[in-house]
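# Chain and residue survey
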Amino acid sequence: MNISKDDLIDFVSGSLGGADFARVSLAVSQDSNLQNEVAALEMLRSRLALPHEPVLTDKDNEAAALRALSGLGVPHELAAASEPQRTRYVPTTHENGKAWKPKKMRWLYGAFAAQTLCLLWLAAGMLPSLQKDKPVLVSAADSEVLYRGMGVPAGHVVLVVNFAPDASEKQLRGLLLDAGAIIVFGPSQLGEYRISVAGNLADAALQKLQGTALVEGVKTFALAKP
Amino acid sequence: MSRHALPPTDAELLAHIAKQDVQAFTALVGRYQSPFLGMALFHGLGRADGEEAVNDAFMKIWRSADKYVQQENVPAKFWLRSLMRYALLDKFRSIKATHENEQSATHFDESGEFDGDGFEVLADTEWTDMSVPEQNMLGLEKRDCFDGCLSELSAAHRKTLELLLVGGQSEDDIAAATGQSLGTVKSRKHYAVGKMQNCVAHCVDGSKGGANHG
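Quick caveat: nothing in here was measured; it's all calculated off a predicted structure.

### Digging into the overall build of chain A
- A tally of helices and strands in chain A yields nine helices and eight strands.
- Within chain A, buried positions represent 31% of all 226 residues.

Structural data, given as structure tokens:
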């Protein structure tokens, strides 16, 4: 099969079509010398083309895909199915000839597990073992150790408070100053704040908090020595 | 046999696209939109026209994926590129037929053939404009080597090579685009391709570095 240099150039540039493309493609596939020539031309072409290729984002590419699919009349739900995909594909059993499948984001499972372990570690009292001189927060009801240290002074009581949604920052600051309390943590995902009050002021503070519309709920926790 | 965490080849994506796989199609678009748009811009199309041509090319790919015949040791990119080339020619014909853009219509002569005038816009393109990140197959180390090869060519030779390989132009087209005789174009082509193939071979072998190729 006679393949000229011009054939290879046209093949690499995309100028061949139909029977000519098939002829050159077949010849290249069977001749390692032609393969080397094509590879060299392709590398050269890549270098020459590079300055002309615009930088595009994933969104640009997804939009282009959806535009083409819309033009093709591909059903909308089918087109929409491609949106969450970030073109992460790996062939799961590449050499066995089976189809590749989208790569799962397994790192998310690992991250979730690590986060859970951290929470369990804290809850199990690992931190208090490193901070034995710090106070421990326990439930008043069953003395279960819930929380240790975290900036709560010794002898203080921790209250868990839900403030009214419409309470202003100024109002809350005045209320906390009046009660002699400081916020030590919050807001949590449930909107709770943990506030610390000196033990001898705890009862009075609790009454003030319960007696104002600025607070929707308050729970008491006592600090005990570890 | 261990599993390979490799992305699918273009041929694998095409096989899935032939089965109307939207995800595979999206992946392929992600790979080729920039190179295809680069081809369109190189040919002198504006961004909007270029995007339309690229869109047409992707639609051709969707419709024709089942016609792709994979040849061993021949990447599918060449087939894909040929479809983009057809889409570009269709776009130029469309522009001419509708007379929407007088300037673009001058890319064709009286016989309706593409006359290459659009390449004039590339006359001032600086090879050293490397503001875009690497998006094709070249590694950085080889890029420097290839730059060295190309720096040994005159501007005219490099332009000829660019029109041949990136523009896919025939010798006649290049002669018309550059105002040179056909003989001059042939001569430049012969010299540039021969010199570059030797130099590129050295780059690939790793026996050449930098721009000081002798």
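Continuing now.
### As for the overall build of chain B
- Across its full length, chain B holds nine helices and zero strands.
- For chain B, the α and β elements follow one another from N to C terminus as α-α-α-α-α-α-α-α-α.
- Look at the contacts in chain B between residues 6 or more apart in sequence, and 59% of them connect residues 24 or more apart.

### Some words on the nonpolar core
- One finds Leu44(A), Ile17(B), Leu28(B), Ala57(B), Ile61(B), Leu165(B) and Val200(B) to be the most contacted residues of the largest nonpolar core, which totals 73 residues.
- When residues in this core are grouped by element, the largest group, twelve residues, is from helix α2 (residues 22-42) of chain B.
- Excluding residues within four positions of it along the chain, Val200(B) makes contact with Ala40(A), Met43(A), Leu44(A), Phe146(B) and Cys149(B).
- Core analysis: the next-biggest nonpolar cluster, separate from the first, contains 16 residues, Phe163(A), Ala179(A), Ala181(A) and Val197(A) among them.

### Considerations on the confidence of the model for chain B
Residues and elements named next belong to chain B.
- On average, residues of chain B score 76 in pLDDT, and 72% of them are at 70 or above.
- Confidence scores differ between elements of chain B, with helix α5 (residues 102-105) showing the lowest mean pLDDT of 51 and helix α3 (residues 47-64) the highest of 94.
- Within the model, pLDDT remains below 50 along residues 104-138, and this stretch shows 62 contacts once partners closer than five positions in the same chain are excluded.
- Long-range and interchain partners of residues 207-214, a stretch whose pLDDT sits below 50, account for 17 contacts in this model, where long-range means more than four residues apart.
- Prediction confidence for the complex, expressed as pTM and ipTM, is 0.56 and 0.74 respectively.

Rules and cut-offs
- For every chain, the first residue of its written sequence is number 1, and the numbers climb from 1 along that sequence.
- The order in which chains are written sets their letters, starting at A; the order in which ligands are written sets their numbers, starting at 1.
- Per-residue local features of the predicted model are confined to residues with pLDDT of at least 70, and side-chain atom pairs are confined, for both listing and counting, to 80 or more; whole-chain, interface and lining totals are unaffected and use all residues.
- Every helix listed is a DSSP run of H or I at least four residues long, and every strand listed is a run of E at least two residues long, numbered separately from the N terminus.
- With C-beta atoms placed from the backbone, a residue is labelled by how many other C-beta atoms lie within 10 Å of its own: buried for 20 or more, exposed for 12 or fewer, partly exposed between the two.
- Placing a C-beta atom from the backbone of each residue, one calls two residues in contact when those atoms lie within 7 Å.
- As used throughout, a nonpolar core is a set of buried Ala, Val, Leu, Ile, Met, Phe, Trp, Tyr and Cys residues joined through C-beta atoms within 7 Å of each other.
- The pLDDT value expresses, per residue, how confident the predictor is, ranging between 0 and 100.

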